[in-house]
Amino acid sequence: MFAEIVVNAPLSRRRVPYLNRTEGFAALAQTFTYSIPAHLAEQLQAGQLVTVPFGARKLQGIVMALADETTVERVKDVYEIVDVVPVLSRAQLELARWLSAYYFAPLIECVLQMFPPGLEADTRTMIALNPDAPRLVNPKQLHVQLVERLRERPLPLDELLRDVRKRETQQAIDALVRRRVLLRQTELLPPRAKEKHERIVRLIAEPSEEVLAALHAPRQLAVLQYLQQRGGLNVVVSARELTRATGASTSTLRALADANFMRSEQRTVWRDPLADLDVPPTEPPTLTDEQHGVWEAIRELLTKDGGRRTAASTSTSVFHLPSAALLFGVTGSGKTEIYLRAVAEVLAQGRQSIVLVPEIALTPQTIWRFAERFPNRLALLHSQLSMGERYDQWRRIRAGEIDVVIGSRSAIFAPLPNLGLIVLDEEHEASYKQDKSPRYHAREVALEYARLTNAMVILGSATPSLETMWKARRGEYRLLELRERIETAGDGRQTADSRPRPIVHHPPSALSRPPSAVEIVDMRAELKAGNTSIFSRALRDGLAQTLAAGEQAILFLNRRGAATFVMCRDCGYVLRCRRCDNPLTYHSDQDDLVCHYCNRRYAQPPHCPNCWSRRIKHFGAGTQKVEELVRQLFPQARALRWDRDVTTAKGAHARLLKKFVAHEADILIGTQMIAKGLDLPLVTLVGVVSADTSLHLPDFRASERTFQLLTQVAGRAGRSRLAGNVIFQTYSPTHPAIVAAAQHDYDAFYENEIQFRAALNYPPLSRLLRLLFVGRGEARARAEAVALHRQLHERIRQLGASDLELIGPAPCFVHKMRGEYRWHVIVKGAEPHELLRDFVLPLGWRVDVDPMDLL
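Residues numbered from 1 in each chain as written. Predicted model: local features only at pLDDT ≥ 70, side-chain atom pairs only at ≥ 80, totals over all residues. Heavy atoms only, no water.

1. A word on the overall build of the chain
And step 1. Within the chain one finds 23 helices and 38 strands.
And step 2. For the chain, whose C-alpha radius of gyration is 31 Å, the value lies close to the compact-globule estimate of 29 Å for 855 residues.
And step 3. With respect to the principal axes defined by its C-alpha atoms, the chain has extents near 90 × 85 × 70 Å.
And step 4. Every one of the 855 residues in the chain was classed for burial, and the buried ones make up 53%.
And step 5. Considering only contacts in the chain between residues 6 or more positions apart, those separated by 24 or more positions represent 77%.
And step 6. Total accessible area computed for the chain in this model is approximately 39,100 Å², and 49% of it derives from carbon and sulfur atoms.
And step 7. Charged side chains of the chain number 112 positive and 97 negative; the gap between the two group centres comes to 6 Å. (Helix = DSSP H or I, 4+ residues; strand = E, 2+ residues; numbered from the N terminus. Rg over C-alpha atoms; globule rule 2.2 N^0.38 Å. Buried < 20%, exposed > 50% of the residue type's maximum accessible area, 1.4 Å probe, protein only. Contact = heavy atoms within 4.5 Å. Areas by Shrake-Rupley, 256 points an atom, 1.4 Å probe, with all protein chains shown as cover. Lys, Arg positive; Asp, Glu negative; His and termini not counted. Charge placed at Lys NZ, Arg CZ, Asp CG, Glu CD.)

Following this line, the structure appears as structure tokens:
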């Protein structure tokens, strides 16, 4: 028996060959064949974590497949099985191969996406003294010192290199290894993620009054009395709690155990991020007739045979295309209630669900609603959890103890054993695309994972991406629409008296809310009228009226800081980051300059570095500037800022939201964080300080992103019985994206934008593949880009692929980042993957399939 294993080894810096996508591509040799020793033959399974020899090293690997025969002549034995329970299911193994092939990523990187952090074991290089080492002749002093340090035991290489003479020490070690005086060995470290255990104590005999009276040790008496007060024989208490409450020491507990009063033992502690979430269960509300029609369509997709597996037939190897639906619902139309019912239906079938949200920390209301409906069946997965929390959540999911997983992008890899449904809320969000290898999009992964598991996918959005709507209108997805807003209780739930409307004639529902009125303010006219403030007269008056009525307002500006750039008024010099060559942003809270690309901070100079003038001025505005102006204009108002600068601490998002919902603040100021999924009943005014922030960027998706963001943030107003108003401040009042967002008219935006995309053959009418070079030295970056363009152009000619088009080579809009220069070449066409078949991509290049931005 033989095993095909992908080994967790660092990739070589040699050139990486790209193979046929239908076979998967290999970075060097992605999988290796090992023989299975007799004592492991009955235990080894696909998906298990094992240790294997790899050259002179011992490394971890994942068993991808088993075979009876192999064409490999020399094979080594698998060392051992790390965990008898497979860490990856068969569907996940296939998904990893698909990820590798589709996104041109090393297979091991795709496999590791499905691990919880800390499960993979790191390696450490050890340096040992060779017992058969030859005698040193005329040794250097440093050589003698190294040999003496290693006489007692081997030492880690990084410990030996801590000396200030690091370079000399490394050269000495290399020389002694070549001369066989020292041996370089690799040690496999234990995984960082481990189970958490605690010591617990229980009474095994109730002490009588006479025994207690006879005790002369006050600490022992205090322990026994405390255990009796907590419930006696029926209660288990942690040793930590016991020692804190009574002041007893470990020897005190040991003495009581020796006297057979109590027993001490270890138990596993689950680190659950939802443990402190006290949410009472709720019953589903009555659907409106529009929701009812959508729900019936989804239930039909969930319950029809369609070739999908049921819980009783999960072992079948026959897979079919998934059922997929686009739930196109305006903000506040009740999409979440449809998700909840779909999850409940899947659970009733004995299957499980994954629910993805763009950024889990920004949607605590969504978590509360799912916790209300599915208590004790919910797991949370996102990057802000601790390593221990994510490891424990992963283990419970793998064991089948969890039925519903809610999380951000990476939660798509949750190892649910019987997956039946995947929901992507706000499917248009760019945060679903990973910006490092493998550069996957969770939407595409969800569709493939659903195909492999015969699950259903629901894509939900008020502003679907053009790609998704294009496919829905072509019939690839079932298109379901919710066009009317529903009054909510302020936490995202429909109000208790929600009722379906009569189906005949569809008269207006008393609970159906019209979209908020949107006013477009031309900031050019404001300047002509002498108003140089970042607040228009309409926005200033709207804020005053909202505060006077005791209501709340949101001010949105998708820029952090107090000023977007700093410039000398004499010579025009703009202060830039030395590593990124991008303008620095002034932050007033710490009175410094920050690069928003690498986060490096600079002290604000007293004079211009170019001409030494002191006439340095801050230009532009960010959320800090908005907050300062609000406090100046409305000193009585309680302002709350919500952006990345104030949400670095764990749980900060939930605390800010709780404070605003409790009306402990009147005006919420923030970036795109406040545009997503919040139901705030007292918010009656939303002011967009600048609707042009991302509108004119050199990216074909700039208009789409602007429309989506404006529509989403406008949807925060008027979600209860109180009427809502929205103000867009802009210097481009007639731009189609801004006009369509103000009119809540997705269809008009879609038709206009799809014509623009068709004229230039951009997605969704074609597909893109971005090749990005990142390296030091601007001349080298340009030369690499020109050379690759020449190779690709010749390859297109050889393949006769006339439908493929190259854009570039060109420097990226963000030309320099963290000291490295960036150039790119874009491949556009129906099937750009074909261009990289059997192609060797030089070192320094990155592949981004279906890029979300071209900046």
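2. With respect to a positive patch on the surface
And step 1. Together, Arg578, Arg579, Arg600, Arg776 and Arg818 make up a positively charged patch on the protein surface.
And step 2. The topology assignment puts arginine 600 in the loop between strand S27 (592-594) and strand S28 (601-603).
And step 3. The partly exposed category is assigned to arginine 600, whose relative accessible area is 32%. (Patch = residues over 30% accessible without salt bridge, like charges linked within 9 Å, V, L, I, M, F, W, Y side chains within 5 Å. Salt bridge = Lys/Arg side-chain N within 4 Å of Asp/Glu carboxyl O.)

3. So, the sheet that holds strand S26 (residues 585-587)
And step 1. Strand order in this open sheet of 3 strands is S26-S27-S28, and the pairing throughout is antiparallel. On the outer flanks of this sheet lie S26 and S28, each paired with one strand and no other. Taking the axes of each pair of neighbouring strands and ignoring which way they run, one obtains an average angle of 35 degrees across the sheet.
And step 2. In this structure, S26 lies alongside S27, joined through 3 bridges in antiparallel fashion. Residue pairing for S27: tyrosine 586 is matched across the bridge by leucine 593. (Pairing = 2+ DSSP bridges. Axes fitted to C-alpha atoms, helices over the stretch in contact; angles between N-to-C directions.)

4. Quick word on the environment of proline 280
And step 1. For proline 280, the position within the fold is in the loop between strand S13 (262-269) and helix H10 (289-303).
And step 2. The spatial distance from the C-alpha of proline 280 to the C-alpha of proline 375 is 8.2 Å, given a sequence separation of 95 residues.

5. Re helix H1 (residues 90-102)
And step 1. Across its 13 residues, H1 extends 18 Å between first and last C-alpha, which sits within 8% of the 18 Å expected from 1.5 Å per residue.
And step 2. Of all 13 residues in H1, 10 are buried, a share of seventy percent or more.
And step 3. Those residues of H1 lying buried are Ala91, Gln92, Leu93, Leu95, Ala96, Trp98, Leu99, Ser100, Ala101 and Tyr102.
And step 4. Residues of H1 that are buried in the fold lie against strand S5 (57-67), helix H2 (107-112), helix H14 (442-453), strand S34 (767-775) and strand S38 (845-849).
And step 5. Two residues or fewer past H1, phenylalanine 104 is found with a positive phi of approximately 50 degrees. (Expected span 1.5 Å × (residues − 1).)

6. Digging into empty space enclosed by the protein
And step 1. One pass over the structure, following the stated rule, counts 6 cavities of 30 Å³ or more.
And step 2. In this model, the second largest cavity occupies a volume close to 70 Å³.
And step 3. If you go around the second largest cavity, the residues you meet are Phe556, Asn558, Ser690, Ala691, Asp692, Thr693, Ser694, Thr706, Leu709 and Leu710.
And step 4. In terms of residue class, the lining of the second largest cavity is made up of 4 nonpolar, 5 polar and 1 charged. (1 Å grid on protein atoms, 1.4 Å probe; cavity = no way out; pocket = protein on both sides within 12 Å on 5 of 7 lines; lining within 4 Å. Points joined across faces, edges and corners; volume = space filled by probe spheres on them. Nonpolar A, V, L, I, M, F, W, Y, C, P; charged D, E, K, R; others polar.)

7. Side note on the sheet that holds strand S10 (residues 182-188)
And step 1. On the basis of which strands lie adjacent, the open sheet formed by 3 strands has the order S9-S8-S10 and antiparallel pairing. The strands lining the two open edges of the sheet, one partner per strand, are strand S9 (155-156) and S10.
And step 2. Taken together, the 2 bridges between strand S8 (residues 123-129) and S9 define a ladder with antiparallel strand orientation. Across the sheet, residue methionine 126 finds its bridge partner in S9, namely proline 156.

8. What to know about the packing of aromatic side chains
And step 1. Under the defined criterion, the tally for this structure stands at 14 aromatic pairs.
And step 2. Relative to tyrosine 103, the ring of tyrosine 102 lies with its centre 4.8 Å away and its plane at 80 degrees, an arrangement referred to as edge-to-face.
And step 3. Tyrosine 102 gets classed as buried once you look at its relative accessible area, which sits at 10%.
And step 4. Residue tyrosine 103 is classed as buried on the basis of its relative accessible area, which comes to 2%.
And step 5. An angle of 10 degrees between the planes, with centres 5.3 Å apart, marks the rings of phenylalanine 565 and phenylalanine 619 as stacked. With phenylalanine 565 in strand S25 (residues 565-568) and phenylalanine 619 in strand S29 (residues 616-619), this pair connects stretches of sequence that are 54 residues apart.
And step 6. Its relative accessible area of 27% is what places phenylalanine 565 among the partly exposed residues.
And step 7. The rings of Phe328, Phe707, Tyr746, Phe749 and Tyr750 are connected pair by pair, giving a single aromatic cluster.
And step 8. Lying over the aromatic face of tryptophan 270, arginine 396 brings its terminal NZ or CZ to 5.8 Å of the ring centre. (Phe/Tyr/Trp six-rings, centres within 6.5 Å; stacked < 30°, edge-to-face > 60°. Lys NZ or Arg CZ within 6 Å of the ring centre and 35° of its normal.)

9. Overview of the nonpolar core
And step 1. Counting residues in each nonpolar core, the largest one holds 119 residues, and the members touching the most others are Ile62, Leu99, Val111, Val405, Ile422, Phe728 and Leu771.
And step 2. Listed in part, the 33 residues of the second largest apolar core include Val294, Ala297, Val355 and Ile367. (Core = buried A, V, L, I, M, F, W, Y, C linked by side-chain atoms within 4.5 Å.)

10. Side note on the pattern of salt bridges
And step 1. Scanning the entire structure with this criterion turns up 45 salt bridges.
And step 2. As a salt-bridge pair, arginine 767 and glutamate 831 come within 3.4 Å of each other at their nearest N and O atoms. Placement of arginine 767 in strand S34 and of glutamate 831 in the loop between strand S36 (820-829) and strand S37 (840-841) is noted, with a sequence separation of 64 residues between them.
And step 3. We classify glutamate 831 as partly exposed; its relative accessible area is 26%.
And step 4. Salt bridges linked by common partners bring Arg473, Glu481, Arg483, Asp747 and Glu751 together as one network.

11. Observations concerning the pairing of strand S15 (residues 352-356)
And step 1. Within S15, 5 of the 5 residues are buried, which leaves it mostly tucked inside the rest of the structure.
And step 2. Note that S15 and strand S18 (residues 419-425) share 5 bridges and pair parallel. The residue bridging glutamine 352 from the neighbouring strand is leucine 419, located in S18.
And step 3. Where S15 lies against strand S17 (residues 404-407), 4 bridges are found, and the strand directions are parallel. Note that in S17 the partner of isoleucine 354 across the bridge is valine 405.

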